[in-house]
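What the coordinates show
Given next are the chains, with one letter for each unit.
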Amino acid sequence: MDDLVTRFRQLQRFVGWTADDEDRLETVHALLAPHLGEMVDDFYAAIVGNEVTAKVIAGGEAQIERLKKSLANWLEDVLGSRRDDKYVLRRWQIGKMHVRIGLDQLFVHAAMTRLRVGFLRLLDNASLAPAQRLLLVESVARALDLDLAMMEDAYQAEFLLRRMPANQARLQQQRVVADVGRRALETDDLDTLLEFVVAVTAETLKCDQCVVLRLLPDNQLKVRASFGLAPAQGMLSLTPGGQISQALLSGHRCAVSDARNASAPSCSELQPATDEANGRQMQSSVVTCIHGERWPWGVLIARSELADDFQQSDLDFVDSIANTLSIAVRHDQAAKRGRQQERLAGIGEMMTGLAHESRNALQRIQACTEMLSFEVAPDSEAARLTHRIEAAQDDLTRLLGEVRNYAAPIQLDKKHFRLTNVWRQTWDELSQSRPPDAQLTEHLSTNDKFYGDPFQLRQVFRILFENSFAAGATRITVNMEADERSLLPTAGEGRSMTLRVRVQDDGAGVPESMRQRVFEPFFTTSAKGTGLGLSICRRIVEAHHGAIRLESPSDHDDQGVGATFVMELPL
């Protein structure tokens, strides 16, 4: 990109381009804007009337209308845009496109002559002084010559690349894969690696867009790195049955699609982030899964404005890049897990010592308060204060226990059991603390046999139930099903059967501003909570090689739904 801009600036100096030319083009734009449509119609009438150029129009009237819109945008760009770095890149893309659609460059020169004559004719009809008209004509000529030069440069580069023998092209791709692998080993900054990958992939394939999307726990997609793609606003929704979900479910590359073929998969999943204002529509794409340690981490996508623009070697290249990214992602996850384990070990060591030193003091407080309670009248202010001391002591004991349990390594004692018995037993254990009118409803569509640690999972259900009661819920529904729709296949194993357990309540729910933080340690909205409950839930579920997430309210249409937590446990 830097070389292109440098060359363009050199050309500007060569033709004598100045800031005055930019200002004069603004004047031309104001004069000719109402008449640009006439130039577009005349131009494509000439294209269709020529037997050579007409062969490029394979899509009939629909394609002509799209091309007319593109030409109108280009004319507006020539007259109404400043020649910055992005302008240079747009001109380069046009030259590449001429090669890809098979347009002879000889006719590009002839077409530019026709447009130049059209500009001159319109300026001759304008009421201008001869000296002013001459200056405007000179500025238009310089602008068109600069555009033609950059498009010619791009055409020659793309033409030579297209004529490169297939073995040389593969060799170049192999070098890029090796370079990506080397960078993955040398850097611990995943974001920097991703930015490099999308740029070098787009450059190697000569495609229009390349993007890496991160799969979030709530099945939303977030752009982590992109090339040639407008920044997305917020999250992108995962379309069931679309290309991205197919790649994530299968763990493999998705077939190349053609948006003009009604029987092909849709390319519309990234539509919120495409540059529709300039008439750009991606016609073909390849979507490849990037694997994490246990389930898909995200996807690498290469996209083109042309249909069937990818060769088999291109698809193999994208697979190789995605495999290298998968290794880098797993390394990053392992490093983060190692740092987390070190922090937890430090917390555990500290809490063990703190609990040991605090136990005697807490026992003395308990003995003293019990003795003091016998010395005061039951209904006195002193008795009330004594009860508050006992409550504070219980809170401190519980806090020390929760932090110690959170920091301690999770050791699973696995056995075969019925999962329904686990949450029913948990519900019964909470009989003294749950609301009197609380109800538990079950919807089971699968066998409830499971292999895991019933004690640890009982702790998960206890935390979820207690959180629901604290949020004012009186009705809790547990749904359980097993299928292959999970986005949690193990790398290389394809789809796997997954047990999905959904715990839904009718409480106050979780505010949108807090939804992304509910699993963070020590984050709580309760005055009495420690903020460790859901973090403990996540650690237990992940120890079973599963995942837990807070479902978005938009994922269901039920009225009166508060919070819905979904666990996915591999069978």
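Now for a quick tour of the structure. Keep in mind the model is a prediction, meaning the values are calculated, not measured.

Calculation notes
- Residues numbered from 1 in each chain as written.
- Predicted model: local features only at pLDDT ≥ 70, side-chain atom pairs only at ≥ 80, totals over all residues.
- Heavy atoms only, no water.
- Salt bridge = Lys/Arg side-chain N within 4 Å of Asp/Glu carboxyl O.
- Helix = DSSP H or I, 4+ residues; strand = E, 2+ residues; numbered from the N terminus.
- Buried < 20%, exposed > 50% of the residue type's maximum accessible area, 1.4 Å probe, protein only.
- Polar contact = N/O pair within 3.5 Å; in protein donor to acceptor, adjacent residues only side chain to side chain.
- Core = buried A, V, L, I, M, F, W, Y, C linked by side-chain atoms within 4.5 Å.
- Contact = heavy atoms within 4.5 Å.
- Expected span 1.5 Å × (residues − 1).
- Arc of directions from axis to C-beta.
- Pairing = 2+ DSSP bridges.
- Axes fitted to C-alpha atoms, helices over the stretch in contact; angles between N-to-C directions.
- Parallel < 35°, antiparallel > 145°, perpendicular 65-115°, else oblique.
- Left-handed = near helix turned anticlockwise from the far one by under 90°.
- Phe/Tyr/Trp six-rings, centres within 6.5 Å; stacked < 30°, edge-to-face > 60°.
- Lys NZ or Arg CZ within 6 Å of the ring centre and 35° of its normal.

1. Digging into the pattern of salt bridges
One pass over the structure, following the stated rule, counts 20 salt bridges. With its nearest N and O atoms 3.0 Å apart, the salt bridge here joins R114 to D42. A residue pair is termed long-range when its members are at least 10 positions apart, and R114 in helix α6 (residues 105–125) and D42 in helix α3 (residues 36–48) qualify at 72 residues. D42 gets classed as partly exposed once you look at its relative accessible area, which sits at 37%.

2. Here we look at the side chain of E551
Tracing the sequence through the fold places E551 in the loop between β11 (547–550) and β12 (564–570). Here E551 falls in the buried class, since its relative accessible area comes to 6%. There is a polar contact of 3.1 Å between the side chain of E551 and the side chain of R502.

3. Observations concerning the nonpolar core
A general feature of soluble globular proteins is that nonpolar side chains tend to end up buried together. L71, W74, L75 and F119 are the most contacted members of the largest nonpolar core, which totals 38 residues. Excluding its chain neighbours within four sequence positions, the residues that come into contact with L75 are L36, M39, V40 and F119.

4. Examining helix α2 (residues 19–32)
Spanning 14 residues, α2 covers 20 Å between terminal C-alpha atoms, matching the ideal 20 Å at 1.5 Å per step. For α2, the set of buried residues is D21, E22, L25, V28 and L32. With its buried residues spanning 115 degrees around the axis, α2 presents them on a single face. Structural note: α2 exposes A19 and A30 on the side pointing more than 90 degrees away from its buried face.

5. Comments concerning the pairing of strand β4 (residues 284–291)
The element β4 is largely enclosed, with a buried count of eight among its eight residues. Here β4 shows a buried face lined by S284, V286, T288 and I290 and a second buried face lined by S285, V287, C289 and H291. Sheet analysis places β4 next to strand β5 (residues 296–304), joined by eight bridges and oriented antiparallel. Looking across to β5, one finds that I290 is bridged to G298.

6. Quick word on the packing of helix α13 (residues 419–429) against helix α14 (residues 454–470)
The angle between the axes and the distance between the axes are what describe a pair of packed helices. Two elements in contact, α13 and α14, have axes whose closest approach is 9 Å; the angle formed by their N-to-C orientations is 50 degrees. As summarised for this structure, α13 and α14 are arranged oblique, according to the angle between their axes. Between α13 and α14 lies a crossing of right-handed hand. Counting all contacts with α13, which are made through L419, V422, W423, Q425, T426, W427 and E429, the residues of α14 involved are P454, L457, R458, F461, R462, F465 and F469.

7. Some details on unusual backbone geometry
We note that H545 has phi near 65 degrees; this positive angle belongs to a residue other than glycine. Among the structural elements, H545 can be located in the loop between α15 (533–543) and β11.

8. A closer look at the environment of A438
Mapped onto the elements of the fold, A438 is located in the loop between α13 and β7 (439–444). A438 sits 34 residues away from G472 along the chain, and the two C-alpha atoms are 10.0 Å apart. Aside from chain neighbours lying at most four places away, what touches A438 is W427, F469 and T474.

9. Quick look at the side chain of R500
In this structure, R500 sits in strand β10 (residues 498–505). Within polar-contact distance, the side chain of R500 engages the side chain of E568 at 3.0 Å.

10. A word on the packing of aromatic side chains
For any pair of aromatic rings, the description rests on two quantities: the centre-to-centre distance and the angle between the ring planes. Scanning the model with the defined rule gives six aromatic pairs in all. The interplanar angle of 80 degrees and the centroid separation of 6.0 Å between the aromatic rings of F417 and F450 together place this pair among those described as edge-to-face. Here F417 is found in strand β6 (residues 415–418), whereas its partner F450 is found in strand β8 (residues 449–452), with 33 residues between them in sequence. Here F417 and F450 have matching classes, each one buried. Seen in terms of ring centroids, W427 and F465 are 5.6 Å apart; in terms of plane orientation they differ by 85 degrees. Their pairing is edge-to-face. Remark: F465 occurs in helix α14 and W427 occurs in helix α13; sequence separation between them is 38 residues. F465 matches W427 in its accessibility class, with the two residues each being buried. By the ring-pair criterion, three or more aromatic residues cluster together here, those being W423, W427, F461, F465 and F469. Positioned above the aromatic ring of F196, the side-chain terminus of R183 is 3.8 Å from the ring centre.

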